[in-house]
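Chain residues, written in single-letter form:
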Amino acid sequence: MRWPPWLAVWLAWAWRAGAGLPATLCSSRGLCRAPLGPNASHPEPGRCQRGAADLCAWPLSSEGLRDPFPIDVIQENYVRNVRNCIFSVVYPTPFKSRVRLVAVSEEVLENILDLDVSVKGTSDFLQFVSGGKVIFGSIPLAHRYGGHQFGSWAGQLGDGRAHLIGIYTNRHGERWELQLKGSGKTPYSRNGDGRAVLRSSVREFLCSEAMHYLGIPTSRAASLVVSDDDVWRDQFYNGNIKKERGAIVLRLAKSWFRIGSLEILAHSGELDLERRLLEFIIQEHFPSIAMNDSNRYLEFFSTVVSETANLIALWMSVGFAHGVCNTDNFSLLSITIDYGPFGFMDSYDPNFVPNTSDDERRYKIGNQANVGLFNLSKLLQALKPLLDPRQKQLASQILGGYGERYYIRFTELFKTKLGLLGENEDDNYLIAFLLKLMEDTKADFTMTFRQLSEITEDQLKELHIPEEFWALQDLGKHKLFSEWVTMYRLRLNRNKGDSDTKRRTRMTTVNPRYILRNWMAESAVQKANLNDFSEVRILQQILQHPFQRQQAAEKAGYSLRPPAWAKDLKVSCSS
């Protein structure tokens, strides 16, 4: 069945009317039960079920994304090529088995979603975050986008297992888009089953929150649920298919639009719709750009170029490799999204590749800045049909300045990590010298900088490295270590108005003691597979304070040398 254009418009109006008059279906504006079956597209008839008071009064709606754009005119939920729209209306598919709440970010509930923490104990909350119920008046959406994957145009991609279930504007005036990941099939599922497994969902929940507390722009995670539904995965694409359990993460972002959101429209020749989407993105998310500025698309591009350079420099400053830096995974708001086969470096290695699916090592950590440039060039390619000849030339010049912007930000961050104040022409050499020593000795990236933050200058001067500073002991095996220490101490002495105590205090606020290492995530996953979610929750708590020494973290060995088995860990795109 196809919706004629007039019917799609009428339905959108009717949905708006219903959202404005919730008493007609549910006097408390509560939760409506999601439709049953993967091909259902409307909630089952009947009244909404009353839930917790805080959740019933919660104003969640998808109007802000439905109203500005044409809706996919095909009603049924089946895999297909979609055109002339930004979103398809499609409801989550509930799990068939029992569902349990594994973890919740109370900070997200309270400070972003304005919900009382007690709501997490209600059955309605569990049903909501697992896709079993939807907020009345909010029509779930799946986003249509494309992308370049591993350097090649992949055509239509889209939200293949994610449902945008509403937009919430909180008491601070912040607008957040809520999305369930792993919540069932959509028209964009391609050959997938629309599900996510517990293994990858634990990693995404923990890492998105960990990145936030590291101070890196990122999507957030509100909750993690697991079911007993069987989900079959070939984790390493070697023919070894295994049964895993389905899980869902409720994740949030100011916007889920990505480079591929514009690419698909440019590639399809839907330029009027591309312009419409671009105008919307600028108006909603780039308030510093005047909508009457004839160069607003240039200003938008310049901002994205600058912020992307900043984001990747921040990734590098904590040793983070995204793993799948495709254009469909690069946010137009320059936040970290779509956590898959990511990894934090243990030993410093510019060739570190966390994703075993990346055979050509395209997305190795040392190539992320170059990949950022590639992705931005594809964004420019998508924008060019909307630019005049002069603007195209200026945009190319803006893109040409990306490398310098990245280099400046990278240098600023690493100077801060080393406690350097002011400017010195030898700072870049000092940083590069250290990284070379770390590469040669395979010194631990995180703990080298952390232990430089904790060791006293006197200990460095005497080259007396206490046993607890194991990463520096590894570094100290290099024959040029003493030479670097001499240079470093001379540079520190040029810090005006500084002291060793001030330096160490300053450095410990930017060099984390704890990161989500792959072995830590794997340990939590293995326990979770046995229904022991204790380590998921412990890691969640510890990673909220990555710069502070914590007794529980020390007891768990999270600041010690990674165990030997950690070197054999593998992660892939299979999730």
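Residues numbered from 1 in each chain as written. Predicted model: local features only at pLDDT ≥ 70, side-chain atom pairs only at ≥ 80, totals over all residues. Heavy atoms only, no water.

1. Side note on the environment of Asn 375
We apply this condition: In this text, helices come from DSSP runs of H or I with a minimum length of four residues, and strands from runs of E with a minimum of two, each type numbered from the N-terminal end. The definition of a polar contact used here is a pair of N or O atoms within 3.5 Å, where within protein one atom must be able to donate a hydrogen and the other to accept one, and adjacent residues in sequence count solely through side-chain atom pairs.
Mapped onto the elements, Asn 375 comes out in helix 10 (residues 368–383). Reaching out from Asn 375, the side chain makes a polar contact with the backbone oxygen of Cys 325 at a distance of 3.0 Å.

2. A closer look at the pairing of strand 12 (residues 242–253)
Stated precisely, the cut-off is as follows: Residue burial is assigned from relative accessible area. The probe radius is 1.4 Å, only protein chains are included, and a residue is buried under 20% of its type maximum, exposed over 50%, and partly exposed in between. When DSSP finds at least two bridges between two strands, those strands are taken to pair.
Counting buried positions along strand 12 yields ten of twelve residues, so the element is predominantly enclosed. In this sheet, strand 12 lies alongside strand 9 (residues 175–181) in antiparallel orientation, the contact comprising five bridges. By the bridge assignment, Leu 180 is partnered in strand 12 with Leu 250. Where strand 10 (residues 196–197) lies against strand 12, two bridges are found, and the strand directions are antiparallel. Within strand 12, the residue paired with Val 197 across the bridge is Gly 246. Sheet topology note: the strand 11 (residues 220–233)/strand 12 ladder contains ten bridges and is antiparallel. In the strand pairing of strand 12, Arg 220 is matched with Leu 252.

3. Looking at the confidence of the model for the protein
The condition that has to hold: The predictor's confidence in any single residue is recorded as pLDDT, a number from 0 to 100. For this analysis, residues touch if any pair of their heavy atoms sits within 4.5 Å.
Across the protein, the average pLDDT comes to 91, with 90% of residues at 70 or higher. Long-range and interchain partners of residues 41–53, a stretch whose pLDDT sits below 50, account for 32 contacts in this model, where long-range means more than four residues apart.

4. Looking at the pairing of strand 6 (residues 146–149)
Along any regular strand, the residues point their side chains to alternate faces of the sheet. Bridge count for strand 6 against strand 7 (residues 152–156) is three bridges, and the pairing is antiparallel. In the strand pairing of strand 7, Gly 146 is matched with Gln 156. Hairpin connection between strand 6 and strand 7: a loop of two residues separates the two successive antiparallel strands, and Phe 150 in this loop has a positive phi of roughly 50°.

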